[in-house]
Structure formats: structure tokens, C-alpha cells
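If you want the building blocks of each chain, they are given just below.
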Amino acid sequence: MDAVPHTHPRRDALRLGAIAGAALLTAPALPAFAATAHFRHGVASGDPLPDRVVLWTRVTPTDDALPGSGVGPTVTVSHEVAEDAAFTRVVVRGSTTTGPDRDHTVKLDVAGLQPGRHYFYRFALDGQTSPVGRTKTAPAAGAAVAGLRFGVVSCSNWQSGRFAAYRHLAERGDLDAVVHLGDYLYEYGPGEFGSGRPHEPAREVLSLSDYRVRHAQYKTDPELQQLHAAYPWVITIDDHEVANDAWSGGAENHTEGAEGAYVTRRAVAMRAYREWMPVRTGADGRIYRRLRFGTLAELTMLDLRTYRSQQVGTDIGRADDPDRSITGAEQLAFVRDGLVGSDARWKLVGNPVMFSPVLVPALPQAIGRPLAELIGVPADGVPINVDQWDGYQHDRRVLIDALAANGVQNTVFLTGDIHTSWAFEVPYDAALYPFTRRTVATELVVPSVTSDNIDELTGAPPRSVSLAAEASLTTLNRHLKWVELDSHGYTVLDVAPERVRMDWYFLADRSRADSPATLARTFTVPAGTQRLR
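None of the values given here were measured: they were computed from a predicted structure.

J.: So what exactly am I meant to see when it comes to the pattern of salt bridges here?
T.: A pair can form between side chains of opposite charge whenever their charged atoms are brought close. Evaluation of the coordinates by the stated rule reveals 42 salt bridges. A salt bridge links Asp337 to Arg336; its shortest N-O distance comes to 3.0 Å. For Arg336, a relative accessible area of 30% translates into the label partly exposed. A cluster of three or more residues bridged by salt bridges with shared partners is formed by Arg149, Arg172, Asp174, Asp494, Arg499, Arg501 and Asp503.

If you want it as C-alpha cells, here you go:
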């Protein structure tokens, strides 16, 4: 479809056939806010349930109590949750202590709330009040929900640009939540991946202090603070929260010994992640989980790094080895049984890396090498991306067979990682798809917020050399209905009983916080079809 300038997000939503009633389209306004000396990193909420939500902030009680410093006093921080932005109808009051042992972060699982309601929240310390955040609980588990709307994003590299995508989503005012599919931050040192504003600390992050400082830097971004304050987030990890191309025992961007033990690095990275992110984790630190939104949708968030076997590299004959796993046995059973047993209308899967099979065609070196770098394959000939589900085909077959054997309908994989935009019909058998057209699900892949893609990697103008790669990919992979390899931005997923619709918005200039965005493409999945329209 032709591009549509995106200057009035609420007007766009109405023009594009938004559903459900006024509650879906409008949210109570947030008051203007600014950081204070004690509250420099904003506020956030996440993982909404019908009766509770996670609330987060970080306090700086003294000038030396900086992130990662390990110093500063233990303090008591109060919090309030109210039905209105003026806090005249407070429903929850409380306090909690924090200190250097948890980097002065505050993270609460606030219960006693009503389902499907907007709430406002704030924190206070020593007479200073935090910015006000707005959140929303999930509908009751059995509620008949007319519609849901999620912002969906991935791959937000500080060094590659500004987070204008976050600003656009925050300004819409019509979302139920934001889904972040991983690579919320990056581990690299200044200039190692992206040449814009430099990372802090000025080195690749390895220690607990390093990861805390890096999280803190990202939380100072005004557009990120704006979006965290506007809606609850549902987040999972990909690799860069620890190190590039991570697996259970290591990572491509980790040198065992010279950079310490990977098991230690991962432990401190995830400790900082749990401290700094509004995510509800299990007692064992487990981050894969499932959230329900009435009878309309269930959202299963996957962790595809913690339990996975090492990537096969160029030995692609092992890609279907049943002894290798991308999920681990427990998580695979969790997602399989959840999809088969769900009575929700739509089964949404927050999926950090691409699920659908993709054959990589032979291309001229000018485009083939950057494409290989982007998707993680050798330039001279591995025809699949072994870091994706393509490298763990047995696990994928287990899920595909379960969906097919049980007649599961309306499964949609929401995918990040690859910095670019794709839309698939997930085939039962990719080789036979051109003849049978048999599908078991659909997959919608979101662009990066800022992280490099083909035009940056080639140095070519956007929409030039990438066109050949896009044409080759869609010709070789008939179940791939669309791919766009150049643009950055965000997506909006609109869920109704009769269909799911994804809108892709592309930024004009990722280096500008005030970049305009364009509605670039829309796909619809009619209920019961497992097909894209």
C-alpha cells in the first residue's frame, strides 16, 4: 500500500478502523513531568494482570549514590496508586526500602486493583515526588473483550540513533500495553556497533556495575521515559541484554577467560536486568511467562537464549538434531501445552527470533555480505540463519505438529531480533507450501527502533540495493508475503475477535528524536484462516 504520513496518530487509528469503544481509543491524560534530583530515571510499569501490575523506579538519595557505584544509604520510598492523575482517589499507599544492594531501584508487584482499569502511580522520597506514571490492568480472565491494541518494538540501540519510535507510541494515547521483544539495550562499547551518541560506561559491559550503569543510561532517554510512563510494558530478553548471539553456555561476543566466565557474566547481567526492568520473574529468575487479556488473547513471552544449545555454525546438517534445543525441554512444553490448551480467541507469541523457515538466496557480494552480517550467516554460503528457529528445527517441528494435530487456530508469532520487517504465513511444510498452501500460524516481524539494517550496513541509499535482496527472498520463500530491509520504526497490533491487524510505521530519520513517522504497510489476519490479507 502507499505510504501515509503519520502526523496524527489518533486520527490514523480512527481512519484505519479502530475497534472496541472509547476506552480503547483514549486514556486519561498524563500530567507533564520532569526529572528531579532523587528521581532521575523515570518510572515504569509492566506485566499487567487483572488485579495487579509491577511498578518501578530508581532513586538517587545522595549525589554519590550513582548507578553501579555500590554506595549510598538505605532509604524508605513511598508509593501511591490512584484512579485519577490528581491523586484525589488513592486506592493503594505503601512504602518499601531500597539501597545499594539493589542499586537503589524500587520494584513492586502492587495488588488489589480492579481489572481493565487505568491507574496513576507515583513515588516519593524526602519530600520529592517522582514523575507520574499511567498504567492499566488486564481485563478479567473471563471477560469478553471487544478489542486490544499493543505497541510492538524491538532492537533499540542507544548508539544507533534516538528513540523517536517510543515518542510516537507514547503520544498515541490508545494502547493497552507495549510489547518489547528484546535487545532493549546493547552491550557494546562506544563505536563498536553504532556511531552516534556513545555508550556508558565507555567499554563493553562485563561486570554487575557495568550492566547497572548501562541500564541507567538507557533510562535517562526522554523518549524512553515518556513511553514507560505512558503504558505498562511486557518485555522479554534477546541476546544483547547479555552478549551477542548468546546461548546457554556462552556467546559470540564473549571470550571465555579473557572476559571472565560466561556463567558469571550472564548472572550479573540478569541481576541488573531484574533490578532495572518492570518484569515479573519466577523465583528461579525465569522470564518466560504467559499473560491473559480476557477471552480475546493470551500472550506468551519466550526466552530463547537462557536454555538454548550452541548454534551449529556452518554444520547445518545438525540443525534438525533432536538433542539440540532453542527453548529447553521445560519451556518447549510450556509453550506447546499453552497453545494447544488455550481457549483464548488469539494466541500471541512474543518470539525474540524468527520462527518461520527462511532460505537465504545467493546474492551479489555488495548486498550478500551485509545481509549475511545482519542475519548472522557466513557470506559464502550457509542458506539458513542458524541463530533463529531454522537452526533448531526439531523444536519448531514439535510446535508446528502440535498446532496442526490439534487444529489450533489464530496463533500469531510477534518477532524481533533481525532489525527489519517481514510478514509470513507459517507453513506446515515449506517445501510443499506453493502447492498445498497449508499453514498453521502467521508471523509478523517488527523493525528495529534504531539498530542497523541493510542500508546502513551497505552504505547505500535506502530502497536501492536492498530491493534485489527483498525480491530474491520473496521469490525463494513463497510463504514470505513481504519483507522490507531498510527502515526503522515500530508497529501497532490491533486485536479484534474477527481479525488481527499489524500496522508498520517507519521513521524518516532515526538520528532525530523529533523524526516523523509514516504508516508504511498493513497486514490483516482474518480469524480462522492462518493467512495474511
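Alright, that's what it looks like, and here's the rest.
J.: Please explain helix α6 (residues 262-276) as it appears in this structure.
T.: For α6, which comprises 15 residues, the first-to-last C-alpha distance of 21 Å matches the rise-based estimate of 21 Å (1.5 Å per residue) to within 8%. Buried within α6 we find Tyr262, Arg265, Arg266, Val268, Ala269, Met270, Ala272, Tyr273, Glu275 and Trp276. Along its buried surface, α6 packs onto β3 (53-58), β6 (105-110), α4 (208-218), β12 (232-235), β13 (246-247) and β14 (250-251).

J.: I keep staring at helix α3 (residues 164-172) and nothing clicks. Help me out?
T.: The α-helix advances 3.6 residues per turn, and as a result positions three or four apart in sequence lie on the same side. Within α3, eight of the nine residues are buried, leaving the element largely enclosed by the surrounding structure. All of the buried residues along α3 are Ala164, Ala165, Tyr166, Arg167, His168, Leu169, Ala170 and Arg172. Backbone geometry just downstream of α3 places Gly173 in the positive-phi region, at approximately 75 degrees.

J.: Explain the environment of Lys219 to me, please; I cannot follow it from the model alone.
T.: Counting through the fold element by element, Lys219 comes out in the loop between α4 and α5 (222-230). Using a relative accessible area of 1% as the deciding quantity, one classes Lys219 as buried. Distance in space between the C-alpha atoms of Lys219 and Glu443 is 30 Å, their sequence separation being 224 residues. In contact with Lys219, other than residues within four places in its own chain, are Arg40, His41, Trp56, Tyr184, Leu224, Gln225, His228, Trp276 and Met277. A polar atom in the side chain of Lys219 sits 3.0 Å from the side chain of Tyr184.

J.: Teacher, can you tell me more about the side chain of Glu80 here?
T.: With respect to the helices and strands, Glu80 occurs in strand β4 (residues 75-82). Within polar-contact distance, the side chain of Glu80 engages the side chain of Arg93 at 3.0 Å. Setting aside anything within four residues of it in sequence, one finds Glu80 in contact with Phe87, Val90, Val92, Arg93, Phe120, Tyr121 and Arg122.

J.: Honestly, unusual backbone geometry in this entry has me stumped. Any pointers?
T.: Glycine aside, negative phi is the norm for most residues, and most peptide bonds take the trans geometry. Each neighbour pair has its own omega, and for Glu200 with Pro201 the value is -5 degrees, a cis peptide bond. Turning to its location among the elements, Pro201 is positioned in the loop between β11 (177-180) and α4. One non-glycine residue, Arg463, lies in positive phi territory at about 60 degrees. The residue Arg463 is located in the loop between α11 (454-458) and α12 (466-476) in this model. Since its relative accessible area comes to 34%, Arg463 is described here as partly exposed.

J.: Is there a simple way to explain the nonpolar core in this structure?
T.: Judged by nonpolar contacts, the single largest core of 47 residues is most densely connected at Tyr166, Leu227, Tyr273 and Tyr490. Secondary-structure elements contributing two or more residues to this core are α3, α4, α5, β12, α6, β22 (489-496), β23 (499-507) and β24 (517-526). For this core, the element with the most residues is α6, which contributes six residues. The contact partners of Tyr166, leaving out residues within four places of it in the chain, are Val153, Ser156, His180, Glu223, Leu224, Leu227, Trp233 and Val449. Residues Ala138, Val152, Leu444 and Leu493 belong to the second largest nonpolar core, which totals 33 residues.

J.: Even after reading the chapter, I still don't get the packing of helix α7 (residues 329-341) against helix α9 (residues 393-405), so can you show me in this structure?
T.: Angle between the axes and distance between the axes: these two values describe a pair of packed helices. Contact geometry of α7 with α9 gives a least axis separation of 10 Å together with a crossing angle of 15 degrees. Overall, the two elements α7 and α9 adopt an arrangement that is roughly parallel. Handedness of the crossing formed by α7 with α9: right-handed. Residues Leu332, Val335, Arg336, Leu339 and Val340 of α7 lie in contact with α9, whose contacting residues are Asp395, Val398, Leu399, Ala402 and Leu403. Class assignment of the residues belonging to the contact of α7 with α9 gives a composition of eight nonpolar, no polar and two charged.

J.: Any chance you could explain the side chain of Thr420 here in plain terms?
T.: Note that Thr420 resides in the loop between β18 (411-415) and β19 (421-427). For Thr420, a relative accessible area of 0% puts it in the buried group. At a separation of 2.8 Å, a polar atom in the side chain of Thr420 contacts the side chain of Trp422.

J.: Looking at this model, I keep getting lost on the environment of Gly112. Mind explaining?
T.: By the secondary structure assignment, Gly112 is in the loop between β6 and β7 (118-125). When its relative accessible area of 62% is taken as the criterion, Gly112 is described as exposed. Taking the C-alpha atoms as reference points, Gly112 and Val91, separated by 21 residues in sequence, lie 8.5 Å from one another.

What counts and how
Residues numbered from 1 in each chain as written. Predicted model: local features only at pLDDT ≥ 70, side-chain atom pairs only at ≥ 80, totals over all residues. Heavy atoms only, no water. Salt bridge = Lys/Arg side-chain N within 4 Å of Asp/Glu carboxyl O. Buried < 20%, exposed > 50% of the residue type's maximum accessible area, 1.4 Å probe, protein only. Helix = DSSP H or I, 4+ residues; strand = E, 2+ residues; numbered from the N terminus. Expected span 1.5 Å × (residues − 1). Contact = heavy atoms within 4.5 Å. Polar contact = N/O pair within 3.5 Å; in protein donor to acceptor, adjacent residues only side chain to side chain. Core = buried A, V, L, I, M, F, W, Y, C linked by side-chain atoms within 4.5 Å. Axes fitted to C-alpha atoms, helices over the stretch in contact; angles between N-to-C directions. Parallel < 35°, antiparallel > 145°, perpendicular 65-115°, else oblique. Left-handed = near helix turned anticlockwise from the far one by under 90°. Nonpolar A, V, L, I, M, F, W, Y, C, P; charged D, E, K, R; others polar.

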